[in-house]
Amino acid sequence: MTIFKEKVDEEYLTVSEVKTLLEDVEAERAADEDRELRYELARAIEHVNRFAHLDPEESRDLVEELLELEKVDATTAIKIADLLPQSRDELRAVYAQERYALSGDELDDVLNVVAKYV
């Protein structure tokens, strides 16, 4: 007999958005003296503190602007907003697992959008 869990909902978030959620959890745990931070939660908080470079609003604006481009889907836009690539090579690494490659002009279009937020 196997027990399966049902996926109820799925939402992609940038690291900056996750940081605000984890800050709320951390504050809640700090208010209750009996509850301590589990190792995994502490590591997740450390990770988002290190890698969140934009404000949550800025990161969501960046994702929305990237989605307006032709060859950028939601998951790729989130990756780009998290990584903030500065060169064509860094951006090509984001697209390495896709079935298509971007042309030089398309890469430059994405990099121009990212440059507005860096």
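Look above for the structure.
Reading the values: the criteria
- Residues numbered from 1 in each chain as written.
- Predicted model: local features only at pLDDT ≥ 70, side-chain atom pairs only at ≥ 80, totals over all residues.
- Heavy atoms only, no water.
- 1 Å grid on protein atoms, 1.4 Å probe; cavity = no way out; pocket = protein on both sides within 12 Å on 5 of 7 lines; lining within 4 Å.
- Points joined across faces, edges and corners; volume = space filled by probe spheres on them.
- Helix = DSSP H or I, 4+ residues; strand = E, 2+ residues; numbered from the N terminus.
- Nonpolar A, V, L, I, M, F, W, Y, C, P; charged D, E, K, R; others polar.
- Axes fitted to C-alpha atoms, helices over the stretch in contact; angles between N-to-C directions.
- Parallel < 35°, antiparallel > 145°, perpendicular 65-115°, else oblique.
- Left-handed = near helix turned anticlockwise from the far one by under 90°.
- Contact = heavy atoms within 4.5 Å.
- Salt bridge = Lys/Arg side-chain N within 4 Å of Asp/Glu carboxyl O.
- Buried < 20%, exposed > 50% of the residue type's maximum accessible area, 1.4 Å probe, protein only.

1. Notes on empty space enclosed by the protein
With the rule as written, the count across this model stands at one cavity of 30 Å³ or more. By volume, the largest cavity is sized at about 40 Å³. Mapped by element, the contributors of at least two residues to the lining of the largest cavity are helix 1 (15-31) and helix 4 (74-83). Class assignment for the residues of the lining of the largest cavity results in six nonpolar, three polar and one charged.

2. A few points about the packing of helix 3 (residues 56-67) against helix 4
Where helix 3 contacts helix 4, the two axes come as close as 9 Å, and the packing angle between them is 135°. Between helix 3 and helix 4, the interaxial angle falls into the category oblique. The crossing of helix 3 and helix 4 is right-handed. On helix 4, the residues touching S59, R60, L62, V63, L66 and L67 of helix 3 are A74, A77, I78, I80 and A81. Residue composition of the contact of helix 3 with helix 4, grouped by class: nine nonpolar, one polar and one charged.

3. Some points on the pattern of salt bridges
Under the counting rule described, the total for this entry stands at seven salt bridges. For E17, the salt bridge goes to R60, with nearest N and O atoms at 2.8 Å. Of this pair, E17 sits in helix 1 while R60 sits in helix 3; the two residues are 43 residues apart in sequence, bridging distant segments of the chain. The class of R60 is partly exposed, set by a relative accessible area of 24%. Here E46 and R50 are joined by a salt bridge, their closest N and O atoms 3.3 Å apart.

4. Comments concerning helix 4
Along helix 4, the positions that sit buried rather than exposed are T76, A77, I78, I80 and A81. For helix 4, the secondary structure elements touched by its buried residues are helix 3, helix 5 (88-94) and helix 6 (104-117). Looking one or two places after helix 4, you find L84, whose phi comes out positive at around 50°.

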